[in-house]
Amino acid sequence: MSSHFPISVLLAAHTASLGQYWHKLTDKTFTGIYHANFFDLAMMIPYFIVLFVLALYGMHRYWLVYDYYKYSRNVPGPTPEVKGAWPRVTVQLPIFNERYVIERLVEAVSRFDYPRELLDVQVLDDSTDETRQVASDVVDRFAAQGLDITYIHRSNRSGYKAGALENGLKTSRGEFVAIFDADFIPEADFLRRTIPYFQDKGIGMVQTRWTYLNRDYSLLTQVETILLDGHFVVEHGARSRRGAFFNFNGTAGVWRRSAIDEAGGWQHDTLTEDTDLSYRAQLRGWKFLYLPDIECASELPIDMNGFKAQQARWAKGLMQTAKKILPRVFASDAPWFVKAEAFFHLTANISYPLMVLLSTMLLPAMIVRFYQGWLQMILIDLPLFLASTCSISSFYLVAQRELRPKTWWRTFLYMPFVMAIGIGISVRNAQAVIEAIIGKKSEFARTPKFRIEGKRDTFVAKKYRNKSGWLPYAEVALGLYFALTVVYAAANENYATIPFLLLFVWGYLYTGFMSLGQSYLSRLKFDVNAPEMRPAASGAPGF
């Protein structure tokens, strides 16, 4: 059966029901029972527009899953044999106040089995704390052991990470440049497995897949794993297999130096300098390669404020990149599907302000819809809602099934939490997206790492915290607001909507209270952090 069949049915039902809806709004047969009025129209028109746009982005997730399977044969083969001499490689390690993890990173790079005479390592340090001494000592120690490693410290953070990488290129000697963030631990054979692909002179960048040292640390890290796996498996997989543009993730990848230069180098007018450079390079004709079988371990944020800061930076940076890059993409001679995918990729975070807007309209819309009857809700609201929400489940379940075929079913237990936390971070991300749209600049908010590798590790008494600000109070307020919508739904026997409303209640209250708890309770004299939700041994969410 064609995959377009259910979509066409939904569209037909939607079109028919819109006619019925308009007829019922304007029909005067039942004067005194229900009529169209200005409030209803002012509420329901924006409500349906928001639902429709969210449904479009939801349908795009289905399309990514479709492309992922349709082009499943378009994957890179095994690492090719190197014909001739190995090229020189520069390894760049950009850091900022990372005293807990920098030594671990340098140790991992020192174990590379790449020819030492063809390898030079740069520690690009913009730190303002004791990380400077820690990093300098580590560099001196490994330099004494024969590793070609240099320590480059800047007294200002001009351009943030992009500025540090750009500064390092001035003295780099490699034909290729490998980049690793402070919390990553590449395997010893990383370069030997990635560099051979560059024998194709058209390849400008190769990206590997992230894995996570602290995946099982808490409910939050489990959710982060599912979110990132969806990106690396389905998004990267579908785009690379189809031949659409996809992005370097800022770390765990290798660039051809000439591709960086031809694309205009690192630029720091967006917070996602990696995506910006990726699109500029691909518009210049460079091909990118995604290597999902080559993994690079990393550390996930374990505190809610750090996670939200990371997500907001990505949301704002992608929207900034959309404003900068999409006009060039549309003006290029790239195929239509490349342009379409670039649009959905770079503008996807517009869903966050729309989600917040939908949240504020939901209770009034429920009241209006209650007086219009349940048939319209089934024919109009339900298809749009399912298109915008159920696509999330299918998207992430596919990724887990690909990576963990024996245990992927456990992901079902986490899906309510994935959706709830996605809702919960919408306030912070909505602010970031709006700032990008209106052109408000902000600093590069780093994600603090604490060298958390197992369940027994803790960040108690460790430095580096992201401030919560006022937004958690807004999240808590929205959670309480949705608790009222649950009461209203129950009072009117609208029980079918209650499970979905509870996702909003849980999402906003969880993210809000966790942010506030980790900001304030950790400062008490007992020096304890807010309790974190941990998964049970069965793999089910635990509390």
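Let me begin by describing the structure that accompanies this report. Values in this document were obtained by computation on a predicted structure and should not be read as measured data.

Parameters and conventions
- Numbers given to residues run from 1 along each chain, matching the order in which its sequence is written.
- Where local features are concerned, this predicted model is filtered to residues with pLDDT of at least 70; where side-chain atom pairs are given and counted, the filter is 80 or more; whole-chain, interface and lining totals use all residues.
- Hydrogens and water molecules were not included; the side-chain quantities draw on all heavy atoms of the structure.
- Going along the chain from the N terminus, every DSSP run of H or I of four or more residues is numbered as a helix, and every run of E of two or more is numbered as a strand.
- Categorising residues by exposure relies on relative accessible area from a 1.4 Å probe, with only protein chains included: less than 20% of the type maximum marks a residue as buried, more than 50% marks it as exposed, and the intermediate range marks it as partly exposed.
- Contacts: residue pairs with any heavy atoms within 4.5 Å of one another.
- Only the protein chains shown count as covering a residue, and every accessible area follows the Shrake-Rupley method with a 1.4 Å probe.
- Any Phe, Tyr or Trp ring, taking Trp's six-membered ring, that has another such ring centre within 6.5 Å forms a pair; planes under 30 degrees apart are called stacked, those over 60 apart edge-to-face, and the others tilted.
- Definition used for salt bridges: Asp or Glu carboxyl oxygen within 4 Å of a side-chain nitrogen of Lys or Arg.

1. Let's talk about the overall build of the chain
Next, step 1: The number of helices and strands found in the chain is 17 helices and 7 strands.
Next, step 2: Out of the 543 residues in the chain, the part that is buried amounts to 57%.
Next, step 3: Counting contacts in the chain only where the partners sit at least 6 residues apart, residues at least 24 apart contribute 82% of the total.
Next, step 4: For the chain, the exposed surface amounts to about 23500 Å²; the carbon and sulfur share of it is 62%.

2. As for the packing of aromatic side chains
Next, step 1: Throughout the structure, instances matching the rule amount to 26 aromatic pairs.
Next, step 2: Between Phe112 and Phe180 the ring centres are 6.0 Å apart and the planes differ by 55°, which places this aromatic pair in the tilted class. With a gap of 68 residues between them, Phe112 in the loop between helix 3 (102-110) and strand 2 (119-125) and Phe180 in the loop between strand 4 (176-179) and helix 6 (190-194) connect regions that are remote in the sequence. When sorted by exposure, Phe112 lands in the same class as Phe180, which is buried.
Next, step 3: For the pair Trp506 and Tyr510, a centre-to-centre distance of 5.1 Å together with 20° between the ring planes defines the contact as stacked. Taken as a pair, Trp506 and Tyr510 lie in helix 17 (residues 498-520) at a separation of 4 residues, close to a single helical turn.
Next, step 4: Assessed through its relative accessible area of 4%, Tyr510 is described here as buried.

3. Let's talk about the pattern of salt bridges
Next, step 1: Applying the stated criterion across every chain, the model contains 22 salt bridges.
Next, step 2: Of the charged contacts, one joins Asp120 and Arg88 as a salt bridge, the two residues approaching to 3.1 Å between their closest N and O atoms. With Asp120 in strand 2 and Arg88 in the loop between helix 2 (38-70) and strand 1 (89-95), the pair connects residues that are 32 residues apart, well separated along the chain. Each member of the pair Asp120 and Arg88 is classed as buried.
Next, step 3: Of the charged contacts, one joins Lys440 and Glu435 as a salt bridge, the two residues approaching to 3.8 Å between their closest N and O atoms.
Next, step 4: One connected set of salt bridges, linked through shared partners, spans Asp269, Asp276, Arg280 and Lys324.

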